[in-house]
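Observations on chain architecture
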Amino acid sequence: MAYTRGNLAVKDQTARREQQSPKYRETTKVVTRRAPLPVREKLLYMMTVVFCVAVMGGLMMQNAELYNIKRQMYNLDKEIQSVNVEVKELAIQKEMLEMKIPEKAAELGYVQPAEEGFHYDVSSNGENGSSNQDQVTTAQK
């Protein structure tokens, strides 16, 4: 064994053995508990959520209303197009019937006068068409 008495650079091994750390180390863990939210803060959060839901509901109702209006406009446009087609078909039928009027009138005995204007009978006895002296006069336009 080396001489250690009087030499401060060398420590005694016996003192070292006594100060050795134990095989396990004792540790402490600090546990902090969160305090629950105050009632006012809970109410604030709840009111914020309710407000957001109300705004979103209002926007959805507006969009639904706009969709209904647009759908009605589309339906009216379709209806107008179908009515326009029907009007065109009826105009064609009208023209065809107007072209058949002179033929049908001739079949029924209508004779077109040589002069233009309105023709009416004036009888001398006051009876229409019973005497031989009927006069026919023509009014010009």
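Owing to the predicted nature of the structure, the values given are computational and were not obtained by experimental measurement. (Residues numbered from 1 in each chain as written. Predicted model: local features only at pLDDT ≥ 70, side-chain atom pairs only at ≥ 80, totals over all residues. Heavy atoms only, no water.)

A closer look at the overall build of the protein
So the rule is basically this: Strands are runs of DSSP state E lasting at least 2 residues, helices are runs of H or I lasting at least 4, and numbering of each runs from the N terminus. Here's how the labels work: a residue is buried when its accessible area is under 20% of the maximum for its type, exposed when over 50%, partly exposed in between, all with a 1.4 Å probe on protein chains only. To measure how exposed things are, a 1.4 Å probe is used in the Shrake-Rupley method; for residues, cover is taken only from the protein chains shown.
When its secondary structure is counted, the protein shows 2 helices and 2 strands. Counting from the amino terminus, the protein carries its helices and strands in the arrangement α-α-β-β. Evaluated residue by residue, the protein yields a buried proportion of 1% over its 141 residues. About 14,900 Å² of surface is accessible on the protein, with carbon and sulfur atoms providing 57% of the total.

Digging into the pattern of salt bridges
We apply this condition: Whenever a carboxyl oxygen of Asp or Glu lies within 4 Å of a side-chain nitrogen of Lys or Arg, that contact is scored as a salt bridge.
Under the criterion given, the structure shown has 1 salt bridge. Among the salt bridges present, the one from Glu-98 reaches Lys-94, with a minimum N-O distance of 3.9 Å. Taken as a pair, Glu-98 and Lys-94 lie in helix H2 (residues 39–108) at a separation of 4 residues, close to a single helical turn. Take Glu-98: its relative accessible area is 42%, and that puts it in the partly exposed class.

A few points about the confidence of the model for the protein
Heads up, the condition is: A residue's pLDDT is the confidence the predictor assigns to it, expressed on a 0 to 100 scale. Contact definition: two residues touch when any of their heavy atoms are within 4.5 Å.
For the protein, per-residue confidence averages 81 on the pLDDT scale, and residues scoring 70 or more make up 68% of the total. No element of the protein has a lower mean pLDDT than strand E2 (residues 135–139), which averages 54, and none a higher one than H2, which averages 96. Of the regions scoring below 50 in pLDDT, residues 128–134 engages in 8 contacts with residues more than four places distant in sequence or in other chains.

Section: the UniProt feature "transmembrane region" (unreviewed entry) in the protein
Rules: UniProt positions are given in the numbering used here, feature names are shortened, and annotations may be inferred rather than shown by experiment.
Mapped onto this numbering, the UniProt entry gives "transmembrane region" (unreviewed entry) at residues 43–61. Counted over residues 43–61, helix gives 100% and strand 0%. Its end C-alpha atoms are 27 Å apart.

What about H2?
Just so we agree on the cut-off: Multiplying one less than the number of residues by 1.5 Å gives the expected span of a helix.
The terminal C-alpha atoms of H2 lie 100 Å apart, and with 70 residues this matches the ideal 104 Å at 1.5 Å per residue to within 8%. Gly-109 sits one or two positions beyond H2 and adopts a positive phi of about 105°.

Things to note about a nonpolar patch on the surface
This is how it is decided: Patch criteria: residues need more than 30% relative accessible area and no salt bridge. Like-charged residues are merged within 9 Å; nonpolar side chains of Val, Leu, Ile, Met, Phe, Trp and Tyr are merged within 5 Å.
On the surface, Val-39, Leu-43, Met-46 and Val-50 cluster together into a nonpolar patch covering about 380 Å² of accessible area. You can see Leu-43 is positioned in helix H2. Among the residues examined, Leu-43 registers a relative accessible area of 44% and is labelled partly exposed.

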